[in-house]
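# Chain and residue survey
The chain contents come next:
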Amino acid sequence: MSETTEQSRTQLPDGGTEGVSTRKATRRGGGDPASRGRTTIADGVVEKIAGLAARDVVGVHAMGSGMSRTFGAVRDRVPGGTKSVTRGVKAEVGEVQTALDLEIVVDYGVSITEVSRDVRENVIAAVERMTGLEVVEVNIAVSDVKLPEDEDEEPESRLQ
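Just so you know, these numbers come straight off a predicted model, no measurement behind them. (Residues numbered from 1 in each chain as written. Predicted model: local features only at pLDDT ≥ 70, side-chain atom pairs only at ≥ 80, totals over all residues. Heavy atoms only, no water.)

### Some thoughts on the nonpolar core
Ranked by size, the top nonpolar core spans 23 residues in total, and within it L100, L102, V119, V123 and V127 carry the most contacts. Looking at this core, the elements with two or more residues in it are α1 (43–55), β3 (60–63), β4 (89–93), β5 (97–107), α3 (112–131) and β6 (134–146). With near-sequence residues (within four places) excluded, V123 lies in contact with A50, A53, A54, L100, L102 and V138. (Core = buried A, V, L, I, M, F, W, Y, C linked by side-chain atoms within 4.5 Å. Buried < 20%, exposed > 50% of the residue type's maximum accessible area, 1.4 Å probe, protein only. Helix = DSSP H or I, 4+ residues; strand = E, 2+ residues; numbered from the N terminus. Contact = heavy atoms within 4.5 Å.)

### Things to note about the packing of α1 against α3
At their nearest, the axes of α1 and α3 sit 8 Å apart, and the two run at 140° to each other. As the angle between them shows, α1 and α3 are arranged oblique. In the crossing of α1 with α3, the sense of the turn from one axis to the other is right-handed. When α1 is examined against α3, the residues V46, I49, A50, A53 and A54 are found in contact with a partner set consisting of V119, N122, V123, A126, V127, M130 and T131. Taken together, the residues that form the contact of α1 with α3 break down as 10 nonpolar, two polar and no charged. (Axes fitted to C-alpha atoms, helices over the stretch in contact; angles between N-to-C directions. Parallel < 35°, antiparallel > 145°, perpendicular 65-115°, else oblique. Left-handed = near helix turned anticlockwise from the far one by under 90°. Nonpolar A, V, L, I, M, F, W, Y, C, P; charged D, E, K, R; others polar.)

### A look at a negative patch on the surface
Where like charges cluster on the molecular surface, the negative patch consists of D43, E92, D101 and E137. With respect to the helices, strands and loops of the structure, E137 is situated in strand β6. (Patch = residues over 30% accessible without salt bridge, like charges linked within 9 Å, V, L, I, M, F, W, Y side chains within 5 Å. Areas by Shrake-Rupley, 256 points an atom, 1.4 Å probe, with all protein chains shown as cover. Salt bridge = Lys/Arg side-chain N within 4 Å of Asp/Glu carboxyl O. Lys, Arg positive; Asp, Glu negative; His and termini not counted. Charge placed at Lys NZ, Arg CZ, Asp CG, Glu CD.)

### Looking at the pairing of β6
One ladder, built from 11 bridges, connects β5 with β6; its direction is parallel. Bridge pairing in β6 places V105 opposite D144. Between the parallel pair β5 and β6, the chain is carried across by α3, and the sense of this crossover is right-handed. (Pairing = 2+ DSSP bridges. Right-handed = clockwise from strand over helix to strand, strands pointing away.)

### Some thoughts on the pattern of salt bridges
Following the criterion strictly, the structure yields one salt bridge and no others. Salt-bridge contacts for R117 lead to D118; the nearest nitrogen and oxygen are separated by 3.3 Å. For D118, a relative accessible area of 30% puts it in the partly exposed group.

### A short note on the environment of L52
Within the element layout of this structure, L52 appears in helix α1. We classify L52 as partly exposed; its relative accessible area is 45%. For the pair L52 and V123, spaced 71 residues apart in sequence, the C-alpha to C-alpha distance is 8.4 Å.

### Focus: the environment of V58
Mapping V58 onto the fold places it in the loop between α1 and β3. In this structure the C-alpha to C-alpha distance between V58 and V106, which are 48 residues apart in sequence, comes to 9.0 Å.

Following this line, the structure appears as structure tokens:
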């Protein structure tokens, strides 16, 4: 709280004024409103942001290991099931920093080092812009390469 000094003069019945009285007034809630209180960001929020940012990079075919993608494909087909944007993403979130581990599948023929660099840049930019957290590291594990002749793990539905 901040204090300010207020001065006032008292009007007398005969029209004159009495001396100046001074009192300290307390102003409530001083400071920038944005600095009042604390914001916490859940690990899952950072994981979603990172997962979407990683999938936006050309050359990333999928996220997660073969087993998690298989379970995810089954879950996606269950009525009411939704695609998991956090598949293949693990975040550790502190008060001001976060660290991420990503597991990706790249398309055959792309440069893994370039895709990894682009994923890292895109993820860091998105997470820092949206959360204000400092991204201290983004570890990327390439778990597979999608070959052109490979069938997708998620076949099309027979329903039209």
